[in-house]
Number of protein chains: 2
Amino acid sequence: MAGELVLGEVVTSKSEQTKAEILRAALEVLRESGAEGLTMRGVANACGRKLNNVQYYYKDKAVLLNSLANYHFQLCENFVEDFEPSSGELSAKAQLHEAIVYSLNYAASLSDSCLVFRELWAISTRNEAVQANLTDYYTEAFNRMVEFWYDYPLENRKKAAAILVPYVDGYSIQCQALPYSEAEMANLLTDVIYAVLTKELAE
Amino acid sequence: MAGELVLGEVVTSKSEQTKAEILRAALEVLRESGAEGLTMRGVANACGRKLNNVQYYYKDKAVLLNSLANYHFQLCENFVEDFEPSSGELSAKAQLHEAIVYSLNYAASLSDSCLVFRELWAISTRNEAVQANLTDYYTEAFNRMVEFWYDYPLENRKKAAAILVPYVDGYSIQCQALPYSEAEMANLLTDVIYAVLTKELAE
DNA sequence: GTAAAATTTGGTCGACTGACCAATATTTTT
DNA sequence: AAAAATATTGGTCAGTCGACCAAATTTTAC
């Protein structure tokens, strides 16, 4: 009886499960075919439903798209929270290095969510709702990063996050064009970010 | 062959001029309507031509898209070359700061080319030709940056470029979500990049 | 068990797309 | 001036799109 958990929420109605199922399919279509190829019919096929059925849950393509973007952001937040620093006793810098390796690997592997972001960046240019939700997502990503480094001075943490968080997105785009391996970039970034985190504050 | 479009001085055949005129219109359509809205008819309208006429010069939508991407990369290279450091005598760090301000301003202003890149990032996911040309473009951007800092050690220049060049792309996406102004980020980045450039080389 | 609500299906509609063919007009070459 | 190459136009084609309506089916509430 107890419905599947969707996104960590409590029991969801069947209707909500169906909507989530459709969003999962829509996300797959968006990733594989881009915004051009994201059609109501395509989504319906991807989840074994009829066009009219999808339209019953999402009356508009605009509604579907906005829900889709938010669903993606939720998935990404869950993913980020999955990162657990290894339990061994690492130096502060080694902990930082571990997190940076994790981040760059995510970006360079061109994971599904990475490709979806590319679509959403383009979509957000002409879709204010998606744009607003995207900005909110990045604000939260920034705050999570700031909290992650809790034992450094706050101002330094903010500066470090303001460098690292955007960098990861840029790296996901350009990593193939850089003359350094992922590991080399991780080492370089660790040095740079660590210097920012540990810089003495001017008073 | 002489088929390359020359954007400036050299005399181009009428055919080449027409092709360039079409690409200009196509670029405008791509920027305003995205990859979804980029249609042969739309491009034709944007340059006051008939559909069949556009198809005469670009038989395929795929051909048009690839030419369009290359045209955009050319424009961007011209734009970057337009940057001239101010002629006054600036300290090394002030020169760096000037270039970083220029870069961040380009990214944060969401200029036309900035928005077109968002489309191309998405398109390149499913278009190998565009993907290859995009990577080439970034490689050249990286090399230009490395050359720009000619009086620092080469290894440091490469590291600095490997940080700054991707960062600018990420910044163009996230700048609205960061708690720092453009000027503040420029100051922060200047400190960070300068430290990388001037770091003593391990032997 | 029946009525009401929620869900699923079938079918249609005008609008738009890229590709294609044939014909005309313009420019260039001879 | 005639011929040839280049450029432009008109029209058609099958395919796809989102939106919409009406009906049938299933589930839920009473």
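Everything in this summary refers to the structure shown in the same document. (Residues numbered from 1 in each chain as written. Chains lettered and ligands numbered in written order. Predicted model: local features only at pLDDT ≥ 70, side-chain atom pairs only at ≥ 80, totals over all residues. Heavy atoms only, no water.)

**Some details on the pattern of salt bridges**
Operational definition: A pair is scored as a salt bridge if a Lys or Arg side-chain nitrogen falls within 4 Å of a carboxyl oxygen belonging to Asp or Glu. Each helix is a run of DSSP H or I of at least 4 residues and each strand a run of E of at least 2, with the numbering of both proceeding from the N terminus. Exposure categories follow from relative accessible area, calculated using a 1.4 Å probe and restricted to protein chains: below 20% of the type maximum is buried, above 50% is exposed, and the middle band is partly exposed.
Following the criterion strictly, the structure yields nine salt bridges over all chains and no others. Notably, a salt bridge pairs Arg126(B) with Glu119(A), separated by 2.3 Å at the nearest N-O pair. One end of the pair, Arg126(B), is in the loop between helix H6 (112-125) and helix H7 (128-148); the other, Glu119(A), is in helix H6 (residues 112-125), on a second chain. Given the relative accessible area of 35%, Arg126(B) is considered partly exposed. Between Asp112(B) and Arg31(B) there is a salt bridge; the shortest N-O distance is 3.3 Å. Placement of the pair is Asp112(B) in helix H6 and Arg31(B) in helix H1 (residues 14-37), with a sequence separation of 81 residues. Three or more residues are tied together by salt bridges with common partners; here these are Arg31(B), Glu32(B) and Asp112(B).

**Overview of the interface of chain A and chain B**
Just so we agree on the cut-off: By definition, residues are in contact when any of their heavy atoms lie within 4.5 Å. When two parts are brought into contact, each loses some accessible area as probed by a 1.4 Å sphere; the total of that loss over both is the buried area. As used in this structure description, the phrase polar contact means that two N or O atoms lie within 3.5 Å; if the pair is within protein, one of them must be able to donate a hydrogen and the other to accept it, and residues adjacent in sequence are counted only when both atoms belong to side chains. Classification used: nonpolar for Ala, Val, Leu, Ile, Met, Phe, Trp, Tyr, Cys and Pro, charged for Asp, Glu, Lys and Arg, polar for all others including Gly.
Each side of the interface is counted separately: chain A has 45 residues, and chain B has 45 residues. When the two sides are added together, the surface that chain A and chain B hide from each other amounts to roughly 3700 Å², 64% of it contributed by carbon and sulfur. At the boundary of chain A and chain B, one finds two salt bridges. Run the count over chain A and chain B and you get 19 residue pairs in polar contact (both at pLDDT 80 or more). Looking at the side of chain A that touches chain B, the elements that each hand over two or more residues are helix H1 (14-37), H6, helix H7 (128-148), helix H8 (154-174) and helix H9 (182-198) of chain A. Counting residues per element, the side of chain A that touches chain B draws most heavily on H8(A), at 13 residues. Of the residues belonging to the side of chain A that touches chain B, the class tally is 22 nonpolar, ten polar and 13 charged.

Bear in mind that shape data such as this cannot, by itself, settle questions of function.
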